[in-house]
Structure formats: structure tokens, C-alpha cells
Amino acid sequence: MSNSSSLNKFLLLAFADTRELQLLHFSLFLGIYLAALLANSLIITAIACDHRLHTPMYFFLLNLSLLDLGSISTTVPKSMANSLSNSRAISYWGCAAQVFLFVFFLPTEYSVLTVMAYDRYVAICKPLHYGTIMSSRACVKMAAAAWASGLLYALLHTANTFSIPLCQGNVVEQFFCEIPQILKLSCSDTYLRELGVVVISACLGFGCFVFIVLSYVQIFTVVLRIPSEQGRHKAFSMCLPHLAVVSLFISTVMFAYLKPPSLSSAVLDLVVAVLYAVVPPTVNPLIYSMRNKELKDALKKLVQ
């Protein structure tokens, strides 16, 4: 295989080699996938149908659930299908599509989480101006900017990755097509170009991270000055779910991409990928609905 044009398929990493374990993997992933589908769909429907939830906070939560649905649907169904059919293959274009979609959903979700931090900051630190700053027009613009930047980012990354000649075989050491694993198959120094894109994204990612941290420093400064304990409790319960989701997202992605190479092994890479690609989309709806009375009421009404 001299270059990527003669590649017509890639081989993904299988979770297991015996039939029993393959079926176990299929059942586990099916359970997780159905749970994620159900939980996120319920949140989307509840927010869309209940007019009391037509506020900026829930508008962004609806965006987050859509992105979670997208990201888990990009990786998990193909892996399940492969386990069921005892195959490891994914077509060249199927792989390119996975890279594109995954790199679209993940950064867009990070952007939406950043905007949500800003929303919490305005709600707590500038409550009198909340309606003006977070008008429905402003919210739509922010969400559109998050989705558009994700799209641009995905186009850039995918075009860059798949224009690199690949000659180190076609085995991707991961259960879905992931850029770092595809770059390992390259046979030239053109990966430096992709490295450039990675550095730019790391800087942007760090910028968002700093923005979120600074927002929360100001939020907590204001919250701790609230005289009534009930007021403090209410403010904290507004912020804690978002903070938990952000921490889960950032810690799993950072561990996946910034862990030292000496720690790398096929099994660990697999576990880490499941942690950052499969766990957050499944757990996020639970984190958001656990302590949220308005959302719980809307969900109850929906189920009844």
C-alpha cells in the first residue's frame, strides 16, 4: 500500500477475539447506547415541549444533548456492528466520515460548554442585565458560532489528515477512526502540518479553559458574598451540574491526548477512548437532571 489513495479500508481494533466476549461487548455497548439515546432524547423533548424551559440555560442544554447524541452515534454503532458480524473493517470513506463527525461534535460541545459558563456568569454576576445580554437573539448567535467553528475545525482537520500519504499498513489501533492513530500510519513528515493544526487547537482549547476558570472564579466570589444560605445554595446548584460536566469532559480528553507515550498501551488507549467518547454523552443528561427540579418536573410531565 504505497499511499492513501490505494487504501480502500481500515481495520479497527477489536474489543475481543472470542465470540462470547464479542457478544458481551455488543450487549454492553448496546445498553450504553440505548441509555444515552433515551436520556438525551428525553431532555431534548422536555425542553422543546415545556415553555417554562425556554430560557438560555435550557437552550444551551438542548444543544449539548444534540451534540452528545451525535458524538456517541458516530463511534458506538459501527463498533457494535463489527462485534456482531465478527469484523474489524471500516471503509476508507467511512473512516473519513467518522473522523470528520467526531472532530465536529467534540469541539462544538466544548464551545457550547464555554458559552454555558458565560451564561452562568451573567446570571449570577450581572442578574439585572441578564435579559438584555442573554437575549434569544444573542443565544442563537452564540450557538450558531459554536456549531460553525466546529464545522470549520472538522473540515480543516479531516482534509489535513487524509491528504497525508499513509503507508504503514491500515490497522487503526482504536475502536473508531481517531486522528492520532491514523497519523501513526503516515510515512512522511507531512504530519508536521497536522501538528500545526493540533497546536492551534490546543491554544484555542486552553483559551476556552481559562475563560471557564475565570468565569467560575468570579461566580464563586459573588456567591460567597450572598448573605442568605438559601441564596448561596440556589446559586451553587445552578452551577454545579455544569461544572461537573465540564470537569468530566476536560479531564477525560486531556488524559486521552496528553498522557505520556510511556503510558500508552493498546488496552489503556481503548479504555481511555471509551472514557472520553462514550461515558460523557451517557452521563451528562443524568448530571443535569439529578438536582434540577424544573427539568425533573418537565420530564415527569413528559413521561406521564
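Residues numbered from 1 in each chain as written. Predicted model: local features only at pLDDT ≥ 70, side-chain atom pairs only at ≥ 80, totals over all residues. Heavy atoms only, no water.

Under an unreviewed UniProt entry, the name given to the protein chain is Olfactory receptor, and the source organism is Apteryx mantelli.

Time to look at the UniProt feature "transmembrane region" (unreviewed entry) in the protein chain. UniProt marks residues 23-45, 57-76, 96-118, 138-156, 195-223, 235-258 and 270-290 with the feature "transmembrane region" (unreviewed entry), using the numbering shown here. Helix makes up 100% of residues 57-76 and strand 0%, and the two end C-alpha atoms of the span are 28 Å apart. Within the segment residues 235-258, helix and strand shares are 100% and 0% respectively, and the terminal C-alpha atoms sit 33 Å apart. (UniProt positions renumbered as here; feature names shortened; annotations may be inferred. Helix = DSSP H or I, 4+ residues; strand = E, 2+ residues; numbered from the N terminus.)

At a minimum axis distance of 9 Å, the contact between helix 2 (residues 56-84) and helix 3 (residues 92-125) shows a crossing angle of 160°. Judged by the angle between their axes, helix 2 and helix 3 are roughly antiparallel. You can see that helix 2 and helix 3 cross each other, and the crossing is left-handed. Its residues placed into classes, the contact of helix 2 with helix 3 shows 13 nonpolar, seven polar and five charged. (Axes fitted to C-alpha atoms, helices over the stretch in contact; angles between N-to-C directions. Parallel < 35°, antiparallel > 145°, perpendicular 65-115°, else oblique. Left-handed = near helix turned anticlockwise from the far one by under 90°. Nonpolar A, V, L, I, M, F, W, Y, C, P; charged D, E, K, R; others polar.)

Running from N to C, helix 1 (residues 19-49) and helix 11 (residues 293-303) point in directions that differ by 95°, and their axes come no closer than 9 Å. Judged by the inter-axis angle, helix 1 sits roughly perpendicular to helix 11. When helix 1 is examined against helix 11, the residues Leu42, Ile43, Thr45, Ala46 and Ile47 are found in contact with a partner set consisting of Leu295, Ala298, Leu299, Leu302 and Val303. Here the contact of helix 1 with helix 11 is built from residues that sort into nine nonpolar, one polar and no charged. (Contact = heavy atoms within 4.5 Å.)

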